[in-house]
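# Structural description and commentary
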Amino acid sequence: VVIRFAQSRGYLDVPTARKAHKAPVALLGGVAVFASIALGLLLVSIFVEPVRNALVGHASLGALGLGAILMVALGTWDDLYDMRPMAKLAGQIAIAALTWAMGFRVGAIELPFELLLTSAAPVSFLVTVGWIVIVSNAFNLIDGIDGLTAGVSVITALTVFLLANQNGATVPVIAALALSGALAGFLRFNLPPARIFLGDAGALSIGYVTAVLAMASYQKSPAAVALIVPLLVLGLPLLDPILAVLRRGLSHLRRRGAEGLRPGEMLHAVTLADRGHLHHLLLRNGLSVSESLAVLYAVCIALAAVGLGTREASTTLR
């Protein structure tokens, strides 16, 4: 339904020199994913009391859904009208701040060398907002070939479900299953050759929900692994943007030298799109799109397994 709607209204991703697809592809995949999640949970809530009880309240499914809807709206506006980067970032920060106010927040975290990250409100607010914004954009940045973000998100969502189930976190259990199910259905239309793209609306909102669920799923876990496990589970989406920032920054400094250290100029340089992401490197080394997907899925599964293994070994780490 969304594909036909996008095609009739001209909401299409038109090929450019930097993009891999050769013909216009429908946007608004994020709308399809989150509409299916909302409808599914509302229908299930009629028959399943735990789902019904989790719909409203502090740190509830309803609160998470509000944040996701706002992120979908922000991403859709960007897909259709190309928002300025700083305006889009401001919108993400506002949504992350609202999420903190609705009860999804980082608590005290034990860091290496017996350091403790306090749960004081100012620190919790900054860490929560930073985590949500970074992970949301990380999922958006890896959305470069058909099926990559959706497939990686299925893997991470199922891993978050397993972590949340171990920790007895009801809202992340329900939401992670709903997200993975919706994305698994969406993959039928998004694997190469894709008939519809997630767009910023989908990639940002999936990153947002995954960030919140990963954060909420470890709140009851041992403090020593509270920070490690989500970082491992989201290793692939986080690694690619980090490498991109380093690559673009170093390339900029090679061209400009010491003059390139000016903050505004450096910020502009590291936000410029390029063809140096991990999937681009695999494609340039002779792998097909499907083979590149298989490699990246395997890496994501391996990191998720390490994360789960770290969680199982938590008593030793403590």
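No experiment lies behind these values; they were computed from the predicted model shown.

Going from proline 192 to proline 193, the amide bond is cis rather than trans, its omega being -5 degrees. Position of proline 193 among the secondary structure elements: in the loop between α8 (170-190) and α9 (199-217). Despite not being glycine, alanine 59 shows a phi value in the positive range, around 55 degrees. Structurally, alanine 59 is set in the loop between α3 (49-53) and α4 (61-81).

This part covers the environment of asparagine 137. With respect to the helices, strands and loops of the structure, asparagine 137 is situated in helix α6 (residues 121-141). Distance in space between the C-alpha atoms of asparagine 137 and glycine 207 is 7.0 Å, their sequence separation being 70 residues. Leave out the neighbours within four places in its chain, and asparagine 137 touches Gln92 and Leu204. At 2.8 Å, the side chain of asparagine 137 forms a polar contact with the backbone oxygen of valine 133.

Scanning all chains against the criterion turns up two salt bridges. A salt bridge links lysine 88 to aspartate 78; the nearest nitrogen and oxygen atoms lie 3.0 Å apart. On the criterion of sequence distance, the pair formed by lysine 88 in helix α5 (residues 85-101) and aspartate 78 in helix α4 is long-range, its members being ten residues apart. An identical accessibility class is assigned to lysine 88 and aspartate 78; each is buried. Here the residues in one salt-bridge network are Asp78, Lys88 and Asp200, joined through shared partners.

About the thresholds
Residues numbered from 1 in each chain as written. Predicted model: local features only at pLDDT ≥ 70, side-chain atom pairs only at ≥ 80, totals over all residues. Heavy atoms only, no water. Helix = DSSP H or I, 4+ residues; strand = E, 2+ residues; numbered from the N terminus. Contact = heavy atoms within 4.5 Å. Polar contact = N/O pair within 3.5 Å; in protein donor to acceptor, adjacent residues only side chain to side chain. Salt bridge = Lys/Arg side-chain N within 4 Å of Asp/Glu carboxyl O. Buried < 20%, exposed > 50% of the residue type's maximum accessible area, 1.4 Å probe, protein only.

Keep in mind these numbers describe shape, not what the thing actually does.
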